[in-house]
Amino acid sequence: MHRTIFTTPVVNTLLRGLSLFILRLKGWKIEGELPPGADKAVLIAAPHTSNWDLPYTLMTGFALRLNLYWMGKESIFRVPFGAFMRWLGGIAVDRSKSNNLVAASVEAIRAAAGPLQLVVPPEGTRSKTRYWKTGFYHIALGAGVPIVMAYMDYAEKRAGLGPVFHPTGDVERDMESIKAFYAPFKGRNASQFAA
């Protein structure tokens, strides 16, 4: 994986302090920690209903000392912001093509020499959607890594890492369990999130 803001030594330390300060100032509480055995993991990013989710996710990542990579639509990676978005940990996704993003993500996780947490929003969009995409599930299953249920609850101003989920291969039953965990959380635009 490419070098990011999370792996840039002095900048990482400074931004961790700044992130903790801003989160406290805004009244956010950061909960949990990366569990043992989850140095390489897929983090569910839910609910995802606003552009504000990205800066709060990055600040939470710094607060929890994570090494985040995240997926975003290709349009935010265009000139002049592309290099900066990749440095923030972004990976461009072209939603108009049916490329095999799952296989590429599995290979990248397997090939990574150090810790890596791949953040994937299951809705695949900030807009309201009835169904969650299962790409995050298949990435974790294929790479043999756990799913960490990360959350951001705007109603209670709390964000963090919840329990670890190990996919069994029974997608329907596993998705029911995962969605049940997310049911109480409210996104910034709460009407757009349905677990």
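Residues numbered from 1 in each chain as written. Predicted model: local features only at pLDDT ≥ 70, side-chain atom pairs only at ≥ 80, totals over all residues. Heavy atoms only, no water.

What about the packing of aromatic side chains?
For any pair of aromatic rings, the description rests on two quantities: the centre-to-centre distance and the angle between the ring planes. Applying the stated criterion to the full structure yields 13 aromatic pairs. Between Trp132 and Tyr182 the ring centres are 5.8 Å apart and the planes differ by 65°, which places this aromatic pair in the edge-to-face class. Here Trp132 is found in the loop between β5 (116–120) and α5 (135–143), whereas its partner Tyr182 is found in helix α6 (residues 171–182), with 50 residues between them in sequence. Overall, Trp132 belongs to the buried group, its relative accessible area being 7%. (Phe/Tyr/Trp six-rings, centres within 6.5 Å; stacked < 30°, edge-to-face > 60°. Helix = DSSP H or I, 4+ residues; strand = E, 2+ residues; numbered from the N terminus. Buried < 20%, exposed > 50% of the residue type's maximum accessible area, 1.4 Å probe, protein only.)

Section: the packing of α5 against α6
In the contact formed by α5 and α6, the axes pass within 11 Å of each other and the chain directions differ by 115°. One finds that α5 runs roughly perpendicular with respect to α6. Taken as a pair, α5 and α6 cross one another with a handedness that is right-handed. For the pair α5 and α6, contact is made by Phe136, Tyr137 and His138 and by Val171, Asp174, Met175 and Ile178, respectively. Of the residues contributing to the contact of α5 with α6, the split by class is 5 nonpolar, 1 polar and 1 charged. (Axes fitted to C-alpha atoms, helices over the stretch in contact; angles between N-to-C directions. Parallel < 35°, antiparallel > 145°, perpendicular 65-115°, else oblique. Left-handed = near helix turned anticlockwise from the far one by under 90°. Contact = heavy atoms within 4.5 Å. Nonpolar A, V, L, I, M, F, W, Y, C, P; charged D, E, K, R; others polar.)

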